[in-house]
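# Tertiary structure, described
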Amino acid sequence: MTAETIISIFLGIGLSASVGFRVFMPLFTLSLAAYFDVWELNESWEWIGSTAAIITLGVATLVEICAYFIPYVDNLLDTIAVPLAALAGTAVMLSTVADLSPVVTWALAIIAGGGTAAAVAGTSGTTRLASTATTGGLANPIVATLETGTSLVMSVVSIFMPILAIILVVLILFIIFKVYKKFKPSKT
């Protein structure tokens, strides 16, 4: 496995984690990176770097960000976010991984890409649901701001510093595990 392949896997996992917070922002970031030749996509995914894709993903990103600032609408979005994040995480991995056989690429895309995105999206949705239940939705815009900021930072770091991105993903997954363990009912 070459260094380029490893870096492409790190990029895919970093963007997949970012997809867990906001589905369209990492895709938009990847689209911009491909358009400006910062990152080269696989042949069948080059369309992501087109002008039409940039405009479409940019509008979708803005709509998604704005919608998450509306209490109760954000909870509705979370019901579709987990499966959509899993699909988007898989697509991000497929579009970025270089020089691997199709079987390995698809396995990585589904497990690492889709799995990471779904884990982050599920935790994010649970956090928002707890926020809605405890504050009547008043704290949801704060949660939305933190998620949007994290998605933006993770997207940019993934594009420009994929090695740091994988470290941040491990940290995020560790925090998710700790939070899950804390709230998991004990068997007594």
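An account of the accompanying structure is given in this report. These figures come from a predicted structure and were not determined experimentally. (Residues numbered from 1 in each chain as written. Predicted model: local features only at pLDDT ≥ 70, side-chain atom pairs only at ≥ 80, totals over all residues. Heavy atoms only, no water.)

### Quick word on the overall build of the protein
In terms of helices and strands, the protein carries seven helices and zero strands. When the helices and strands of the protein are listed from N to C terminus, the series reads α-α-α-α-α-α-α. A compact globule built from 188 residues should have a C-alpha radius of gyration of about 16 Å, and the protein, at 16 Å, falls within 12% of that. Summarising its shape, the C-alpha atoms of the protein cover approximately 45 × 40 × 25 Å along the three principal directions. Looking at the protein residue by residue over its 188 residues, the buried ones come to 45%. (Helix = DSSP H or I, 4+ residues; strand = E, 2+ residues; numbered from the N terminus. Rg over C-alpha atoms; globule rule 2.2 N^0.38 Å. Buried < 20%, exposed > 50% of the residue type's maximum accessible area, 1.4 Å probe, protein only.)

### A word on the pattern of salt bridges
Pairing between side chains of opposite charge can happen when the charged atoms of each approach one another. Summed over the entire model, instances satisfying the criterion amount to three salt bridges. In this structure, Asp-78 engages Arg-128 in a salt bridge whose closest nitrogen and oxygen atoms are separated by 2.6 Å. With Asp-78 in helix H4 (residues 73-96) and Arg-128 in helix H5 (residues 102-135), this pair connects stretches of sequence that are 50 residues apart. Look at Asp-78 and you get buried, because its relative accessible area is 13%. Judged by its relative accessible area of 0%, Arg-128 falls in the buried class. One salt bridge in this structure joins Arg-128 and Glu-147, with 2.4 Å as the shortest N-O distance. (Salt bridge = Lys/Arg side-chain N within 4 Å of Asp/Glu carboxyl O.)

### Notes on the packing of aromatic side chains
According to the stated counting rule, one finds two aromatic pairs in the structure shown. Residues Tyr-35 and Phe-36 carry aromatic rings whose centres are separated by 5.0 Å and whose planes lie at 90° to one another, so their mutual orientation is edge-to-face. Over the aromatic face of Tyr-68 sits the side chain of Arg-22, whose NZ or CZ is 4.0 Å from the ring centroid. (Phe/Tyr/Trp six-rings, centres within 6.5 Å; stacked < 30°, edge-to-face > 60°. Lys NZ or Arg CZ within 6 Å of the ring centre and 35° of its normal.)

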